[in-house]
Amino acid sequence: MNYDDTVSWMFKQLPMYQNQGTSAYKVDLSNSFLLAKHLKNPEKKFKSIHVAGTNGKGSTSHMLASVLQEAGYKVGLYTSPHLKDFRERIKINGDVVSKQFVIGFIKRNLDFFKSNSLSFFEMTVGMAFDYFAKQKVDIAIIEVGLGGRLDSTNIITPEISVITNIGFDHVKFLGNTYEAIAKEKAGIIKPKVPIVIGKTQIETKQVFEDIASERNAEIYFADQLVQNVFESDLKGSYQSENIKTVIQTVKVLNSLHVFEVSDNHLKNGLKRVVKNTDLRGRWEILQDHPKIICDTAHNKEGLSIVLKQLESETYKSLHIVFGVVNDKDLDGIISFLPKNAHYYLCKPNIPRGLEVNILQEVFDKNNLNSKSYSSVKEALKSAKNHSKTNDLIYVGGSTFVVAEII
């Protein structure tokens, strides 16, 4: 199999949450441990920082990687989902894993994958850990895929665990209260491993403190401990929370006396996130006249912050290209969408994308000015055609909508 065949096989043959949703969610880590053993436990051969949270975990992971790269370390970065190419999920110092490694890894372990019915996610995590071990990274930043406790990445014992915040997303799997979701995320807290919490929330503070205490893990609430933030090239207003989380994490990392990160490394790393890690789709300005901004925010908490930031932009008319996946709380999201915008509705091109006619019904019911399109690209094309140079176009609602236009 060549690279395209290999990736196609991974996507088609195995359950993958990105495409399928519920059926890809495993209820235990037995397969992850089984694969790790088969691969001779690569997760024990490199140091790591484990990052979970409802929103901001991707940005936080990329910021941490950038800062550690500035400090001169060889840094692995595992994140999900990808926007354009599967290999974006696995990087070292900003460079994606080679096509040859992806092909070779699947080829070498194909019989094992088939006989043990491994999920897409389990395979991909195994591939990342194997790659980081073989490439002898100094440290890897590992982003949780979904939840924490039962996520395939949760077989590592990191130097530090990080939980950015708790919001309502993936409630089918993680529970429908802040406390229940916090318990799932807190599953990444390990005995005697420091835990940094990005945002102090009344509903979740006690949950984190109790589990940290149980596991003898020192706990730090970044938003209470960090007063001053440094500038970043990631311009979303929501990034200030993530920057505080990164600053506190680096402070704790320095206190362990294994890595040395100076204030200059921190400042430069935060200013060069895109350059160092090639992160895309976070309050990204695609063009001017008319200005087009895209952002991967995709749940109530994330979208509310991004849409608030839109209010501070100057424009004559607002055009919004919008699509979602089928497990989102549309009623929760629709309540704060701007009433005076022109909406161009679309379905992201994945199986769990919400059908555009269902989306249209919800928008009609809420008296929002909207029209449906057959694809994300068609929706954006129409938005451009209807915009004047002093208008603003926003593209979002789902990571997968953004992926189709960048």
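Residues numbered from 1 in each chain as written. Predicted model: local features only at pLDDT ≥ 70, side-chain atom pairs only at ≥ 80, totals over all residues. Heavy atoms only, no water.

**Student:** Break down the packing of aromatic side chains for me, citing the residues and quoting the values.
**Tutor:** With the rule as written, the count across this model stands at 12 aromatic pairs. Consider the rings of Phe46 and Phe132, whose centres lie 5.9 Å apart with planes at 90°: the pair is edge-to-face. With Phe46 in the loop between helix H3 (30-38) and strand S1 (47-52) and Phe132 in helix H6 (residues 120-134), this residue pair connects regions lying 86 residues apart in the sequence. The exposure class assigned to Phe46 is buried, which follows from its relative accessible area of 7%. Arranged with centres 5.8 Å apart and planes meeting at 50°, the rings of Phe322 and Phe363 form a pair that is tilted. Note that Phe322 is positioned in strand S11 (residues 318-322) and Phe363 in helix H16 (residues 356-365), a separation of 41 residues in sequence. Given a relative accessible area of 2%, Phe322 falls into the buried group. The buried category is assigned to Phe363, whose relative accessible area is 0%. Between Arg108 and the ring centre of Phe101, over which it is positioned, the NZ or CZ distance is 5.8 Å. (Phe/Tyr/Trp six-rings, centres within 6.5 Å; stacked < 30°, edge-to-face > 60°. Helix = DSSP H or I, 4+ residues; strand = E, 2+ residues; numbered from the N terminus. Buried < 20%, exposed > 50% of the residue type's maximum accessible area, 1.4 Å probe, protein only. Lys NZ or Arg CZ within 6 Å of the ring centre and 35° of its normal.)

**Student:** Describe in detail the packing of helix H4 (residues 57-70) against helix H11 (residues 239-255), supporting the description with residues and values.
**Tutor:** Remark: H4 packs on H11, axes separated minimally by 9 Å, with the N-to-C direction vectors making an angle of 45°. Of the possible angle classes, the one that applies to H4 and H11 is oblique. Handedness of the crossing formed by H4 with H11: right-handed. Contacts between H4 and H11 involve Ser59, Thr60, Met63, Leu64, Val67 and Leu68 on the former and, on the latter, Gln239, Asn242, Ile243, Thr245, Val246, Thr249, Val250 and Leu253. Its residues assigned to classes, the contact of H4 with H11 comprises 8 nonpolar, 6 polar and no charged. (Axes fitted to C-alpha atoms, helices over the stretch in contact; angles between N-to-C directions. Parallel < 35°, antiparallel > 145°, perpendicular 65-115°, else oblique. Left-handed = near helix turned anticlockwise from the far one by under 90°. Contact = heavy atoms within 4.5 Å. Nonpolar A, V, L, I, M, F, W, Y, C, P; charged D, E, K, R; others polar.)

**Student:** Outline the pattern of salt bridges, supporting the account with residue identities and numerical values.
**Tutor:** Inspection of the entire model under this criterion finds 13 salt bridges. A salt bridge links Arg87 to Asp85; the shortest N-O distance between them is 3.1 Å. Classification of Asp85 as partly exposed rests on a relative accessible area of 23%. For the salt bridge of Lys199 with Glu241, the shortest nitrogen-to-oxygen distance reads 3.9 Å. In this pair, Lys199 sits in the loop between strand S7 (195-197) and helix H9 (202-214) while Glu241 sits in helix H11, placing the two residues 42 residues apart along the sequence. (Salt bridge = Lys/Arg side-chain N within 4 Å of Asp/Glu carboxyl O.)

**Student:** Tell me about the nonpolar core, residues and numbers included.
**Tutor:** Ile106, Phe113, Met127 and Phe132 are the most contacted members of the largest nonpolar core, which has 37 residues in total. No other element matches the 10 residues that H6 contributes to this core. Contacts of Phe113, omitting those with residues within four sequence positions, involve Trp9, Leu35, Phe105, Ile106, Leu118 and Met123. Judged by nonpolar contacts, the second largest core, of 32 residues, contains Ala71, Ile141, Val226 and Ile243. (Core = buried A, V, L, I, M, F, W, Y, C linked by side-chain atoms within 4.5 Å.)

Purely geometric numbers; function is a separate question.
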